[in-house]
Amino acid sequence: MTVNDVQALAETIRGEIGKAIIGQKDTVDILLVALFSGGHVLLEGVPGTAKTFLAQIFSHVTQLDFGRIQFTPDLMPGDLLGTNLFNFQTNEFSLVKGPIFCDLLLADEINRTPPKTQAALLEAMQERKVTIDGETFPLGGHFMVIATQNPIEQQGTYPLPEAQLDRFLFKHVLDYPTRDEEILIVQRHGARSGTATPEAMGIEALVSRKQIEAALNAVASVRLTDDVTHYVVDLVRGTRNNPLFETGASPRSAAMISAAARAHAALDGRDFVIPDDVKAIVHSVLRHRLVLSYDAMADGITADQVIDEILRQVVIA
């Protein structure tokens, strides 16, 4: 598969998702970049902005084995990973697998469960395996987490640990639709109070596992020149030298920016990365990894604003 094939495949996925999802083009693109670069996505938005529905449609179109768990304050790690239960007939313990054993896990409202349960995802997201009672179980090379959360200031939520935030390739913030988009949403979905299944809406499963594997290999071959590599590193290091950040981005951030930029270039039909690919994804890669200083927060400055300033200061050689 060539990068042109990756671009065509992405257009096919966008078109099929567009049968059910109105707008959200940037969100769909974020999911595509994450899929083709092997990353995880954190979607943040107020209730009713189609976060969960989009994840379901995306999984259906790409034919990824779908798992979902609703995160609640009383959720335990075993509810996510699974547990060994004793079988009195065989006098042996057998594993009852949790919903994490899938290709695409929807971690719905992930910030409504305490950090102890959130941390159960760390090994799975980083190494694509889980350890239960000392035994390791692989999750497969295509394992992907799409987590949703409501804004952190809403009642009954817990902030995600920094170690877990760093596992997400992207944090994408969903906004309300435009007026025209909202009119289309009402016209298309206003006849029922519940959500229809993808099959009922005529959404087809178009992408095979083999195609996804081929796309991943094609994206990995996209060229990243030394100049662009230096640009990425300078952007990341710029966050560590900025007084408005208490904690800057980690070296993992630079590697993730590079992987995402390769996927973004492939979606544009190019086999090489340009600075615009980096600029297109850098906010979503960095905004959840940076800790603002007390003075910055007191002045109402956001991470995105500081990233904008760093982009203006750092120039490609």
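Remember, it's a predicted structure, so these values are computed and weren't measured experimentally. (Residues numbered from 1 in each chain as written. Predicted model: local features only at pLDDT ≥ 70, side-chain atom pairs only at ≥ 80, totals over all residues. Heavy atoms only, no water.)

A. Fine view of the packing of aromatic side chains. Inspection of the entire model under this criterion finds 1 aromatic pair. Their ring planes at 80° and their centres at 6.2 Å tell us that Phe-101 and Phe-137 sit as a pair that is edge-to-face. Separated by 36 residues along the polypeptide, Phe-101 in the loop between strand E4 (92-97) and strand E5 (104-108) and Phe-137 in strand E7 (residues 135-138) bring together distant segments of the chain. Residue placement shows Arg-270 over the ring face of Phe-272; its charged tip is 5.8 Å from the ring centre. (Phe/Tyr/Trp six-rings, centres within 6.5 Å; stacked < 30°, edge-to-face > 60°. Helix = DSSP H or I, 4+ residues; strand = E, 2+ residues; numbered from the N terminus. Lys NZ or Arg CZ within 6 Å of the ring centre and 35° of its normal.)

B. Representation of the packing of helix H2 (residues 25-37) against helix H11 (residues 251-267) in the model. Close contact between H2 and H11 brings their axes to 8 Å; oriented N to C, the two are set at 115°. Taken together, the axis directions place H2 and H11 in an arrangement best described as roughly perpendicular. The two elements H2 and H11 meet at a crossing, and its hand is right-handed. Only Ala-259, Ala-260, Ala-263, His-264 and Leu-267 of H11 make contact with H2, whose side of the interface consists of Asp-29, Leu-32, Val-33, Phe-36 and Ser-37. (Axes fitted to C-alpha atoms, helices over the stretch in contact; angles between N-to-C directions. Parallel < 35°, antiparallel > 145°, perpendicular 65-115°, else oblique. Left-handed = near helix turned anticlockwise from the far one by under 90°. Contact = heavy atoms within 4.5 Å.)

C. Representation of helix H14 (residues 303-313) within the structure. Residues Ala-303, Val-306, Ile-307, Ile-310 and Leu-311 constitute the buried set of H14. Each buried residue of H14 lies within a common arc of 145° when the element is viewed along its axis, so the set occupies one face. Check the buried side of H14 and you find it contacts helix H10 (226-240), strand E10 (245-247), helix H12 (275-286) and strand E11 (291-292). (Buried < 20%, exposed > 50% of the residue type's maximum accessible area, 1.4 Å probe, protein only. Arc of directions from axis to C-beta.)

D. Just the environment of Val-96, in detail. By secondary structure assignment, the location of Val-96 is in strand E4. The sequence separation of Val-96 and Ala-200 amounts to 104 residues, and the corresponding C-alpha distance is 31 Å. Leave out the neighbours within four places in its chain, and Val-96 touches Gly-82, Thr-83 and Leu-85.

E. Molecular detail of a nonpolar patch on the surface. A surface patch of nonpolar side chains, amounting to about 390 Å² of accessible area, comprises Phe-86, Phe-88 and Phe-93. Looking at the element boundaries, Phe-86 is found in strand E3 (residues 82-87). Residue Phe-86 is classed as partly exposed on the basis of its relative accessible area, which comes to 35%. (Patch = residues over 30% accessible without salt bridge, like charges linked within 9 Å, V, L, I, M, F, W, Y side chains within 5 Å. Areas by Shrake-Rupley, 256 points an atom, 1.4 Å probe, with all protein chains shown as cover. Salt bridge = Lys/Arg side-chain N within 4 Å of Asp/Glu carboxyl O.)

F. Structural view of the pattern of salt bridges. Counted according to the given criterion, the structure contains 17 salt bridges. A salt bridge links Glu-44 to Lys-171; its shortest N-O distance comes to 3.3 Å. Taken as a pair, Glu-44 in strand E1 (residues 41-44) and Lys-171 in strand E9 (residues 170-173) lie far apart in primary sequence, 127 residues in all. The residue Arg-287 makes a salt bridge to Asp-304 at a minimum N-O spacing of 3.1 Å. Taken together, the residues Arg-287 in the loop between H12 and E11 and Asp-304 in helix H14 connect sequence positions 17 residues apart. Several salt bridges converge on common partners, so that one network encompasses Glu-11, Arg-14, Lys-25 and Asp-29.

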